[in-house]
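Each chain, written out:
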Amino acid sequence: EFANAMNIPYVCVPCCVYSNVFTKRKLQNNTNTNNNSPIVSIRHRFPFSSKLKRMTVLATETGTKDLFALTKGAPETIKDRLIEVPDNYDKLSRARMKTGERVLAMAYRNLGSRSTVAQWKGRRDQVERDLIFCGFVTLECPLKPDSKAVVKELKQNDIRVVMITGDAVLTASEVARQVSIAPNKYCPTYVLQQQ
């Protein structure tokens, strides 16, 4: 509902669902009974990098000669690589993170029908620019039932509890609040960065 009001597409997926949407798979259309659905084939992977906070694949689709770059990553990273950023991009991604959800931005680029994988393989930075925004995928990762009780017990035994994570700051701070590591949403959150 919130995304519809913001006019940005997003999908909310339980964390247990395999979320790598750019894998070699047959695209399904429930109303299509003739099995002529296009097949997306991965031709090359630029693997996820924690430094870059994104990953990309070069892919083709049956019925077309075009080569596509399909990219997913942290919203703040993808934003800088888009041709056009929707006005409400930050507002929506932050709103979802504040609920404790993991948020991925999805984008693509048509590299053209004359492009070859070989000409793009060593040029990741050139591939991952001038992208077209597709939407957000949000992942709900519910807490384990005993998480809050375990944190409470550790604190009662005078054990200092901290969270070290690779999650986005807003996501991590909300999860810390939910398990009472942070006493409230106004508790300071520190981001460690390498210099």
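Residues numbered from 1 in each chain as written. Predicted model: local features only at pLDDT ≥ 70, side-chain atom pairs only at ≥ 80, totals over all residues. Heavy atoms only, no water.

(A) Broad picture of the nonpolar core. Ranked by size, the top nonpolar core spans eleven residues in total: I78, L82, Y89, L92, M97, V103, A105, A107, L131, F133 and F136. For this core, the secondary-structure elements that each account for two or more residues are α3 (89-97), β6 (102-112) and β7 (132-140). Ignoring anything within four residues of it in the chain, the contact list for A105 reads T71, K72, G73, P75, I78, Y89, F133, G135 and F136. Judged by nonpolar contacts, the second largest core, of eight residues, contains F46, L58, A69 and W120. (Core = buried A, V, L, I, M, F, W, Y, C linked by side-chain atoms within 4.5 Å. Buried < 20%, exposed > 50% of the residue type's maximum accessible area, 1.4 Å probe, protein only. Helix = DSSP H or I, 4+ residues; strand = E, 2+ residues; numbered from the N terminus. Contact = heavy atoms within 4.5 Å.)

(B) Region of interest: the pattern of salt bridges. Under the definition given, this model contains eight salt bridges. The closest approach of N and O atoms between E101 and R96, which form a salt bridge, is 2.9 Å. A residue is classified by how much of its surface remains accessible, and E101, at 7% relative accessible area, is buried. Among the salt bridges present, the one from E174 reaches R177, with a minimum N-O distance of 2.7 Å. Highlighted residues: E174 and R177, both in helix α7 (residues 169-178), separated by three residues, approximately one helical turn. (Salt bridge = Lys/Arg side-chain N within 4 Å of Asp/Glu carboxyl O.)

(C) Examining the environment of M106 more closely. Structurally, M106 can be placed in strand β6. Classification of M106 by relative accessible area gives buried; the value is 9%. In this structure, the C-alpha to C-alpha distance between M106 and C134, residues 28 residues apart in sequence, is 5.4 Å.

(D) Local environment of the confidence of the model for the chain. The predicted model of the chain averages 77 in pLDDT, with 75% of residues at 70 or higher. Here strand β2 (residues 25-26) stands out as the least confident element of the chain, with mean pLDDT 32; helix α2 (residues 75-79) is the most confident, with 94. Below a pLDDT of 50 lies the segment residues 1-33, which in the model reaches 65 contacts outside its immediate sequence neighbourhood of four places, other chains included. (pLDDT = per-residue confidence, 0-100.)

(E) Just unusual backbone geometry, in detail. Despite not being glycine, D158 has its phi angle at roughly 60°, a positive value. The topology assignment puts D158 in the loop between α6 (147-156) and α7. The residue S180 is not glycine, and still its phi comes out positive at about 70°. Inspection of the secondary structure assignment puts S180 in the segment after α7. By relative accessible area, S180 is classed as partly exposed at 28%.

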